[in-house]
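Chain residues, written in single-letter form:
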Amino acid sequence: ESGINVEVRYGDTAELAATILEEGQNSPADVFFSQDAGALGAVADEGILSPLPNDALNRVEERFRDPNGEWVGVSGRARVVVYNTEALSEGELPNSILDFTDPEWNGKIGWAPTNGSFQAFVTALRTIEGEDVAREWLEGIQANDPRRYENNLAILEGVASGEIDTGFVNHYYLFQLQEERGGNVPAANYYFQNGDPGSLVNAAGLGILNTSDNSAEAEAFLEFMLSEEAQQYFADETYEYPLVEGVPINEELVPLSDIQTPNVDLGNLADLQGTLDLLRETGVL
């Protein structure tokens, strides 16, 4: 749209963050566009992101941007439990994601431990409830013989086919599958209440490296991602939450204001390495 030639290196968010940190002052990157605010926080903590323009920052709600102004969210994604509506009713689901360790859920759960959004949730769980609770939860889910999937969409397809009853995913995969199949999907999203860790809303966002040789172009990218056109794209095409005030969400989504999210600073979800260590120690990875 802008005419700027963009050279993109695609990859897993955590791996790209680690690469940028390893490259340090020699990084060829101008912009880090991440699916996870925690990864942005990890890069910001190393002092290699530039302060963003206040005009851009102020378009986004405070909870979806860095307190120091070095990264900003551009789209929101809510963690939910997706469930098969032919096997379960909403009333049969537990009040907390922590309760899925109950033996009654043995063989009924799907998860994707290698997925970045799941790992960000585990980091949030560690931050909110503490290391011991996170460890006990992972061990409890493991004891319930969960089915492992490569990604969120595979979990959703497993739920829709009846292969599993429930799965831990981001909210938008259900709507994407419904669109693909013409709406005929026997599945629904379940949102936890009362600030449960299972109702985390994370943000995809971006930061500009302070080593960039193309800062003007990087800021143009930032402006575009916060433009009405891009924000409406997230709402209409990917079923994510636009984070710029005044851009309407897809009518099928639960409004962000109605999701009772846990009280956690997204930028503090930076200890991905600690999460990976815990996942390995518990045998999840």
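Now for a description of the structure that goes with this document.

Conventions and cut-offs
- Residues numbered from 1 in each chain as written.
- Predicted model: local features only at pLDDT ≥ 70, side-chain atom pairs only at ≥ 80, totals over all residues.
- Heavy atoms only, no water.
- Helix = DSSP H or I, 4+ residues; strand = E, 2+ residues; numbered from the N terminus.
- Buried < 20%, exposed > 50% of the residue type's maximum accessible area, 1.4 Å probe, protein only.
- Contact = heavy atoms within 4.5 Å.
- Areas by Shrake-Rupley, 256 points an atom, 1.4 Å probe, with all protein chains shown as cover.
- Lys, Arg positive; Asp, Glu negative; His and termini not counted.
- Charge placed at Lys NZ, Arg CZ, Asp CG, Glu CD.
- Core = buried A, V, L, I, M, F, W, Y, C linked by side-chain atoms within 4.5 Å.

## Some details on the overall build of the protein
(1) Moving on: Secondary structure assignment for the protein yields 10 helices and eight strands.
(2) Moving on: When the backbone C-alpha atoms are referred to their principal axes, the protein occupies close to 55 × 40 × 30 Å.
(3) Moving on: In the protein, buried positions account for 54% of the 285 residues.
(4) Moving on: Across the protein, every contact between residues at least 6 apart in sequence was considered, and the portion connecting residues at least 24 apart equals 74%.
(5) Moving on: Summed over its atoms, the accessible surface of the protein is roughly 13,100 Å², and 41% of this surface lies on carbon and sulfur atoms.
(6) Moving on: For the protein, the distance from the average position of its 13 positive side-chain charges to the average position of its 51 negative side-chain charges is 6 Å.

## So, unusual backbone geometry
(1) Moving on: Although it is not a glycine, N194 sits at a positive phi angle of roughly 60°.
(2) Moving on: Mapped onto the elements, N194 comes out in the loop between β6 (187-190) and β7 (201-208).
(3) Moving on: One non-glycine residue, Y239, lies in the positive phi region at around 60°.
(4) Moving on: Checked against the element boundaries, Y239 lands in the loop between α9 (228-237) and β8 (241-242).

## Focus on the nonpolar core
It is characteristic of soluble globular proteins that their nonpolar side chains tend to be buried jointly.
(1) Moving on: Formed by 63 residues in total, the largest nonpolar core has its most connected members in F32, F64 and L266.
(2) Moving on: Counting only elements with at least two residues in this core, the list comes to α1 (13-23), α2 (37-45), α3 (54-57), β2 (72-84), α6 (152-161), α7 (172-180), β7 and α8 (215-225).
(3) Moving on: Setting aside chain neighbours within four positions, we find F64 in contact with W71, V72, G73, V201, A203, L243, L256 and L266.
(4) Moving on: Counting 24 residues, the second-largest nonpolar core is a separate cluster that includes V81, F100, Y190 and L279.

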